[in-house]
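Residue-level structure breakdown
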Amino acid sequence: MNMTEGEKLIPINIEEEMKSAYIDYSMSVIVSRALPDVRDGLKPVHRRVLFGMYELGVFSNRAYKKSARIVGEVLGKFHPHGDTSVYDTMVRMAQPWSLRYLLVDGQGNFGSVDGDQPAAMRYTEARLQKISDELLADIDKETVDFKLNFDDTIYEPTVLPTRIPTLLVNGASGIAVGMATNMAPHNLGEVIDGTVAYIDNRDISIDELSKHITAPDFPTGGIIYGYDGVKQAFETGRGRVVMRAKANFEEVHGRDCIIVTEIPYQVNKADMIAKTADLIKDGKLDGIAEIRDESDRQGMRIVYVLKMDAIPNVVLNQLYKFTQLQSSFSINNIALVNGRPEQLNLKDMIRHFVDHRHEVVVRRTEFELRKAQERAHILEGYMKVIGTQDDLDRAIKIIRESETPEIARESLMTAFDLSEIQARAILELRLRTLTGLEIDKIRAEYEEIMKTIEYLKNILSDEDLRFSIIKEELEEIKRKYADERRSEIDYSGGDLNIEDLIPDDNVVLTISHLGYIKRTPLTEYKKQSRGGVGNRAATTRDEDFLEYIVVATNHQYMLFFTEKGKCFWLRVFEIPEGSKTSKGRAIQNLINIEPDDKVKAYILTHDLMDEEYVNNNYVIMVTKNGIIKKTSLEAYSRPRINGINAITIREDDTLLEALLTDGKSQIMIATKYGKAIRFEDEKVRPMGRTASGVRGINLGDDKDNEVIGMIVVSDMENETVLVVSEKGYGKRTSIEDYRETNRGGKGVTTLNITEKTGKLIAIESVTDDNDLMIINKSGVAIRTGLSEIRVMGRATQGVKLINLKKNDEIAAIAKVEVDEDVEEENEESQTQEQSGTMIEGDNQNNKNTTISSEENNNENPTEE
């Protein structure tokens, strides 16, 4: 290997070299590229763009300049990197969806929230925003250190003397080597309130600060969902903030729609819509017919048009779960403090900003004091020389007789005891300054400047005064630039369940013989007198009729018991809504029921997650053959997708009814041939889920006899027993008329069964305050007040409740509880809290209704 004279090889260890080179590189990235400075909240490239624009003079009150001109200035003077990096930085500072408070005022195409690229820099123009003047204010007063640029030709600021807490207000994000930062933007008004509170009390806690600065405030608005992440980030500098789009429901051309008007920060709208469309195509999202983006200059509007049977809240929750309508912002507050990266909590960031402002105020005051003293010095010289007419004449004479300005200056210095600066200033005076009026002005200016000097010295000697100046300046910024919060805070979020979005309205659940289910607002049913013909309730198929009717509220749980003894559950709001005349959805489509099984009973319960509630209530079941079984509700509080076993059904038997009881009630079971038995709840001991139960009533020798219903009564004084026969006869009897026996007996007569009445079809416990709803096999529904049916003896055949057309029969009855205080015409819309199939013993002051879901005698092969 040839080596020229004087050269020598230095062997180095490659490992050491790589180590030191990589550390140098990573330090350079950390310190002078990727992380913001804690004082002005800017990374070097942002600072250089703003300073470059300041140098060019493109202020908010001047004309726009071509972006390329600005980029060229920044590249050539301060930032020796690619032109795209500079232009992209400038563009971002002008995008209203990127920065909470814009720093650059752009003219032309600066991109869009759909991720469209901005126009090339030769087409767009820009200037500083008004607020950026505040970041650069006093930069010419030696308030910050300057350093030489990359080629040592020009000085650039190492930090801006900002009056705005930019770090908190606009946030920052950057990826360095081995660390990254991601800071959320906040509301300027709130941040200033918090900063002022900190100045007033340095020992303020982060909790107290968060009363002023409530949460991040994103430029795109949206909802901050849950507060835990925010609290954590404020306290530690790290936390995950969940953001949700702002959505509401509208009906457009008769279709339910979800309308989104604000999306989470940093979400690309077009991508989000495209991904949502893919999910719908792949069948992962259900219930959306089409998506339209109707955003325009007025604002954002994304329309999700729903399918006819979709529940808006359920679809919205799916959208939150599977799409970017809900996304999270991971806060990681890392910034440079004295050139070193540090993780900062809320108070740290405010403290460093206030320290920076304090230093700026001190340096500015020192600069202004120096300038004022220099000016005062000159004014003193003026007053020595031109204070009186004689002095002035003497000075003019000296100047006229001097051969050169230098001699004149020295002569003046000797004659009037002036400094060199003063003498120079006098030589440069214009003749017009020597008029009497101008001399008075000089005296006035001198007095004024002496006051200023006094004030500036005061500032430098009085820390409290300095902080009150900082506060005043902050308050002024707040007056000029503060605005309303854009992001709402949903404190209940995080553990929020879907029911929080759904009003707890009263609904009627109807289920047909063939298993079609729907929920309808209770308000759709109108009241009629007893004996009316009723109005059409539902369109069913020819061979179908409405068999069960249940009154519920949206937040309750619906347990489904099948004739094979399995139990499934749904929340009421998960049951598809339908009008009074619609058919509904097949239950098989909602729960995983076997094809040859059939839902027989429904229990409506309150919160199955409430331990006390589930441990103090029981499910009582009865089968067609009179077998009864009691199990704690707790056993049904953990549903499985394929259902759970509720009772083991014996051969040739099916489950008929399941009710809720508190364990201290009376139970009555009635049969098709008009017999009923009454015994105490406590006579039936609780068993496990898989047990098959004990005998409840003896059906006697009639081959086709079977149980038609069971009731649970807990309020003996007010509740009466209502029995209804298939041909429209019914009667109310006091429960005391049925003597109490042990379970397993034959029971006593409850209604005189004749050809005219038809077989018994339903038994129900009712009070005068209830309304009765009757649905016929032909689909006609009628609602009538129970106070119109008088209480009578046990063995009578009762009165006619409804006029049936020939061959029509009653399919099901249900009781509805009524609010006495409401005017009659509005009555249905404000019924009290209803719940179904008996929650009588629970501590709800018995406001709950019992809903009958009796089997009418359709078990007969002949009738089916």
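In the annotation of an unreviewed UniProt entry, the entry for the protein chain reads DNA gyrase subunit A, and the organism field reads Weeksella virosa. The record held by UniProt for the protein chain lists under Subcellular location (unreviewed entry) the comment "Cytoplasm". As stated in UniProt under Catalytic activity (unreviewed entry), the record for the protein chain gives "ATP-dependent breakage, passage and rejoining of double-stranded DNA."

**Notes on the overall build of the protein chain**
For the protein chain, the helix and strand inventory stands at 18 helices and 41 strands. For the protein chain, the residues scored as buried account for 53% of the 864 residues in total. Sequence-distant contacts in the protein chain: of pairs separated by 6 or more residues, those separated by 24 or more amount to 72%. Surface exposure of the protein chain reaches about 39,300 Å², of which carbon and sulfur atoms provide 46%.

**Notes on the nonpolar core**
One broad rule of soluble globular proteins: the nonpolar side chains tend to lie buried together. Membership of the largest hydrophobic core comes to 77 residues, with the highest contact counts inside it found for Leu-50, Met-53, Ile-70, Leu-103, Leu-188, Phe-218 and Ile-350. The element that contributes the greatest number of residues to this core is helix α7 (residues 188-200), accounting for 7 residues. Looking at which domains feed residues into this core, each of domain 1 (25-188) and domain 3 (351-481) gives three or more. If near-sequence neighbours (up to four positions away) are discounted, Ile-350 is found in contact with Leu-168, Gly-194, Thr-195, Tyr-198, Leu-209 and Ile-213. Within the second largest apolar cluster, 26 residues are counted, among which are Ile-398, Ile-442, Tyr-446 and Ile-449.

**Considerations on the packing of aromatic side chains**
Evaluated as defined, the whole model comprises 11 aromatic pairs. Where Tyr-265 meets Phe-329, the ring centres are 5.9 Å apart and the plane angle is 35°; that geometry is what we call tilted. With Tyr-265 in the loop between β11 (255-262) and α10 (269-281) and Phe-329 in strand β14 (residues 326-332), the pair connects residues that are 64 residues apart, well separated along the chain. There is no split in this pair, since Tyr-265 and Phe-329 are both buried. An aromatic cluster of three or more residues is present, and its members are Phe-51, Tyr-54, Phe-59, Phe-78 and Phe-146. It is Arg-202 that lies over the ring of Phe-467; its NZ or CZ is 4.2 Å from the centre. When the ring centre of Tyr-225 is taken as origin, the NZ or CZ atom of Arg-244, which lies over that ring, is 3.7 Å away.

**Structural notes on the UniProt feature "active site" (unreviewed entry) in the protein chain**
With numbering matched to this structure, UniProt assigns "active site" (unreviewed entry) to Tyr-123. Along the chain, Tyr-123 turns up in the loop between β2 (104-107) and β3 (125-128). Assessed through its relative accessible area of 54%, Tyr-123 is described here as exposed.

**Regarding the sheet that holds strand β30 (residues 666-671)**
Picture the strands of a sheet paired through backbone hydrogen bonds; they go either parallel or antiparallel. With antiparallel pairing, the 4 strands of this open sheet are ordered in space as β33-β30-β31-β36. Each edge of the open sheet is held by one strand with a lone partner, namely β33 (707-713) and β36 (748-749). As judged from the 2 bridges shared by strand β31 (residues 675-680) and β36, these two strands associate in the antiparallel manner. Bridge pairing in β36 places Ala-676 opposite Val-748.

**Some details on the packing of helix α12 (residues 346-386) against helix α13 (residues 389-401)**
Remark: α12 packs on α13, axes separated minimally by 6 Å, with the N-to-C direction vectors making an angle of 95°. Between α12 and α13, the crossing angle belongs to the class labelled roughly perpendicular. From α12, Lys-384, Val-385 and Ile-386 reach across to α13, where they touch Asp-391, Leu-392 and Ala-395. When grouped by side-chain class, the residues that make up the contact of α12 with α13 number 4 nonpolar, no polar and 2 charged.

**Details of the confidence of the model for the protein chain**
With 90% of its residues at a pLDDT of 70 or more, the protein chain has an overall mean of 85. Here strand β20 (residues 535-536) stands out as the element of the protein chain with the lowest mean pLDDT, 54, in contrast to β3, whose mean of 97 is the highest. Segment residues 819-864: pLDDT under 50, and 158 contacts once partners within four positions in sequence are set aside and those in other chains are kept.

**Describing a nonpolar patch on the surface**
The grouping of Ile-23, Met-27 and Val-31 at the surface amounts to a nonpolar patch, some 240 Å² of accessible area in total. Among the secondary structure elements, Val-31 is positioned in helix α1 (residues 14-34). With a relative accessible area of 33%, Val-31 lands in the partly exposed category.

**Observations concerning helix α15 (residues 420-427)**
All of the buried residues in α15 are Gln-422, Ala-423, Ala-425 and Ile-426. Each buried residue of α15 sits inside an arc of 160° when the element is viewed along its axis, so together they form one side. In the core, the buried residues of α15 are packed alongside α12 and α14 (405-416).

**A closer look at the side chain of His-79**
Within the secondary structure, His-79 is located in the loop between α3 (67-77) and α4 (83-92). For His-79, a relative accessible area of 7% gives the class buried. If near-sequence neighbours (up to four positions away) are discounted, His-79 is found in contact with Val-45, Arg-48, Val-74, Ser-85, Val-86 and Phe-150.

**Considerations on the pairing of strand β29 (residues 655-661)**
Across the 7 residues that make up β29, a large majority, 7, are buried. Where strand β26 (residues 618-623) and β29 come together, 6 bridges link them in antiparallel fashion. In the sheet register, Met-621 faces β29, and the bridge partner there is Ala-658.

**Remarks on the environment of Arg-409**
Note that Arg-409 resides in helix α14. Taking the C-alpha atoms as reference points, Arg-409 and Ile-399, 10 residues apart in sequence, are found 8.1 Å from one another. Here Arg-409 is in contact with Glu-420, Ala-423, Arg-424 and Leu-427, once residues within four sequence places are set aside.

**Notes on the side chain of Lys-566**
Summarising the element assignment, Lys-566 is placed in strand β23 (residues 566-571). Buried charged residue Lys-566 carries no salt bridge. Nearest counter-charge: Glu-594, at 4.6 Å.

**Quick word on the packing of α12 against helix α16 (residues 436-461)**
Closest axis-to-axis distance for the α12/α16 pair is 9 Å, and the angle between their directions is 150°. Taken together, the axes of α12 and α16 are roughly antiparallel relative to one another. Once α12 is placed against α16, the crossing between them reads as left-handed. Of the residues belonging to the contact of α12 with α16, the class tally is 17 nonpolar, 2 polar and 7 charged.

Cut-offs used in this document
Residues numbered from 1 in each chain as written. Predicted model: local features only at pLDDT ≥ 70, side-chain atom pairs only at ≥ 80, totals over all residues. Heavy atoms only, no water. UniProt positions renumbered as here; feature names shortened; annotations may be inferred. Helix = DSSP H or I, 4+ residues; strand = E, 2+ residues; numbered from the N terminus. Buried < 20%, exposed > 50% of the residue type's maximum accessible area, 1.4 Å probe, protein only. Contact = heavy atoms within 4.5 Å. Areas by Shrake-Rupley, 256 points an atom, 1.4 Å probe, with all protein chains shown as cover. Core = buried A, V, L, I, M, F, W, Y, C linked by side-chain atoms within 4.5 Å. Domains from an automatic or database assignment. Phe/Tyr/Trp six-rings, centres within 6.5 Å; stacked < 30°, edge-to-face > 60°. Lys NZ or Arg CZ within 6 Å of the ring centre and 35° of its normal. Pairing = 2+ DSSP bridges. Axes fitted to C-alpha atoms, helices over the stretch in contact; angles between N-to-C directions. Parallel < 35°, antiparallel > 145°, perpendicular 65-115°, else oblique. Nonpolar A, V, L, I, M, F, W, Y, C, P; charged D, E, K, R; others polar. pLDDT = per-residue confidence, 0-100. Patch = residues over 30% accessible without salt bridge, like charges linked within 9 Å, V, L, I, M, F, W, Y side chains within 5 Å. Salt bridge = Lys/Arg side-chain N within 4 Å of Asp/Glu carboxyl O. Arc of directions from axis to C-beta. Lys, Arg positive; Asp, Glu negative; His and termini not counted. Left-handed = near helix turned anticlockwise from the far one by under 90°.

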